[in-house]
Amino acid sequence: MTTADMNTSATTTSATTTSATNPSTERPVPVWALRTARALPLLALPVCLWRLPFGFGFQMGMDMPREDLSLWVTVPYVLTLSLLSEAFALLCAGLVRPWGERAPAWLVVAAGTVAGGAFTALTVQWVLTTFELAGFQEVGFVNGWWRALATVVSGLFVLWGPLVLALTYAYHRRRRA
């Protein structure tokens, strides 16, 4: 075996080891898509945390009558909703990871488009109510600080829909034939 053959063999072994310890997708993922997929759970987290006090009857500064529901109903509901939100945000990592390429591409694109579209509709509703456009009105708050906090927290969450659509489009471009 010549030195050139040994170098080629060593390079091949090194590349195999690198890809085995650091699996990559079939085609390279854009850096912005990787960063976006990592940010999605962080965007959902504030609204998940914001929701938790509602389960215990705390109104978070909203100027409205308190609902008299049992804690046995509200706490599991709010916890489940928050956990599902984070689970779906983490599931979006499949749009940039190799395990997301195991499912048929059309199925992933369809699911991402439907989910991204639904959350984008929430974005439209948020803009209309936050800025009180087209007759939409926001719930009253006891002071401006509560309103500002609610606007920031929910504003981060509504970015989720457009970002999922962008990730889905990048996934589609990478996976198409």
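Here, every reference points to the structure presented above.
Every chain is numbered independently, its residues counted from 1 as its sequence is written. Local features in this predicted model are restricted to residues whose pLDDT is 70 or higher, and side-chain atom pairs enter the listing and the counts only when it is 80 or higher, whereas totals over whole chains, interfaces and linings include all residues. To get the side-chain values, take all heavy atoms of the structure and skip hydrogens and water.

The next point concerns the nonpolar core. Here, nonpolar core means buried Ala, Val, Leu, Ile, Met, Phe, Trp, Tyr and Cys residues that are tied together by side-chain atoms lying within 4.5 Å of each other. Only protein chains enter the accessibility calculation, which uses a 1.4 Å probe. A residue is then buried if its area is under 20% of the maximum for its type, exposed if over 50%, and partly exposed in between. Ranked by internal contacts, the top residues of the largest apolar core, which has 23 residues, are L40, V96, W160 and L167. In this text, helices come from DSSP runs of H or I with a minimum length of four residues, and strands from runs of E with a minimum of two, each type numbered from the N-terminal end. For this core, the secondary-structure elements that each account for two or more residues are α2 (31-55), α4 (105-130), α5 (144-158) and α6 (160-175). Considering every element that reaches this core, the biggest residue donor is α2, with seven residues. Residue contacts are defined here by distance: any two heavy atoms, one from each residue, within 4.5 Å place the two residues in contact. Non-local contacts of W160, meaning those with residues more than four positions away in its chain, are made with L40, S85, F88, A89, C92 and F119.

Turning next to α5. Look at α5: 21 Å from first C-alpha to last across 15 residues, which is about the 21 Å you get at 1.5 Å a residue. Residues of α5 that are buried include every one of A150, V153, G155, F157 and V158, and no others. Buried residues along α5 sit in contact with α2, α4 and α6. Capping the start of α5, N143 holds a side-chain oxygen 3.0 Å from the backbone nitrogen of W145, two or three residues further along. Between the first and last residue of a helix there are one fewer steps than residues, each counted as 1.5 Å, and that sum is the expected span. As used in this structure description, the phrase polar contact means that two N or O atoms lie within 3.5 Å; if the pair is within protein, one of them must be able to donate a hydrogen and the other to accept it, and residues adjacent in sequence are counted only when both atoms belong to side chains.

Now for the packing of α2 against α5. Orientation of α2 relative to α5, taken along the N-to-C sense of each, is 135°, at an axis distance of 7 Å. Classified by the angle between their axes, α2 and α5 sit oblique to one another. Between α2 and α5 the crossing geometry is left-handed. Here α2 contributes L43, A44, P46, V47, W50 and R51 to the contact with α5, which in turn contributes W146, L149, A150, V153, L156 and F157. For helices, the axis comes from a line fit to the C-alpha atoms of the stretch in contact; other axes are also lines fit to C-alpha atoms, and the angle between any two N-to-C directions lies between 0 and 180 degrees. For classification purposes, an angle smaller than 35 degrees is called roughly parallel, one larger than 145 roughly antiparallel, one from 65 to 115 roughly perpendicular, and anything else oblique. In a left-handed crossing the near helix is turned counterclockwise from the far helix by less than a right angle, and in a right-handed crossing that turn is clockwise.

What follows covers α6. Under the 1.5 Å per step criterion, the end-to-end length of α6 is 22 Å for 16 residues, consistent within 8% with the ideal 22 Å. Among the residues of α6, those classed as buried are W160, G161, V164, L167, T168, A170, Y171 and R174. Looking at the packing, one finds that the buried side of α6 touches α2, α3 (71-91), α4 and α5.

Computed from the structure, the largest pocket encloses a volume of approximately 1100 Å³. With a 1 Å grid laid over protein atoms only, a set of points is called a cavity when a 1.4 Å probe fits there but cannot get out and a pocket when it is open yet has protein on both sides within 12 Å along at least five of seven lines; lining residues have an atom within 4 Å of a point. Forming the walls of the largest pocket are 34 residues, and the residues nearest its centre are W50, R51, F54, M62 and V139. Every element with two or more residues in the lining of the largest pocket is listed here: α2, α3, α4 and α5. Here the element with the most residues in the lining of the largest pocket is α3; it accounts for six residues. Only Asp, Glu, Lys and Arg are considered charged, only Ala, Val, Leu, Ile, Met, Phe, Trp, Tyr, Cys and Pro nonpolar, and every remaining residue, Gly among them, polar. Here the lining of the largest pocket is composed, by residue class, of 21 nonpolar, nine polar and four charged. Grid points are joined across faces, edges and corners, and a volume is the space filled by probe spheres set on the points.

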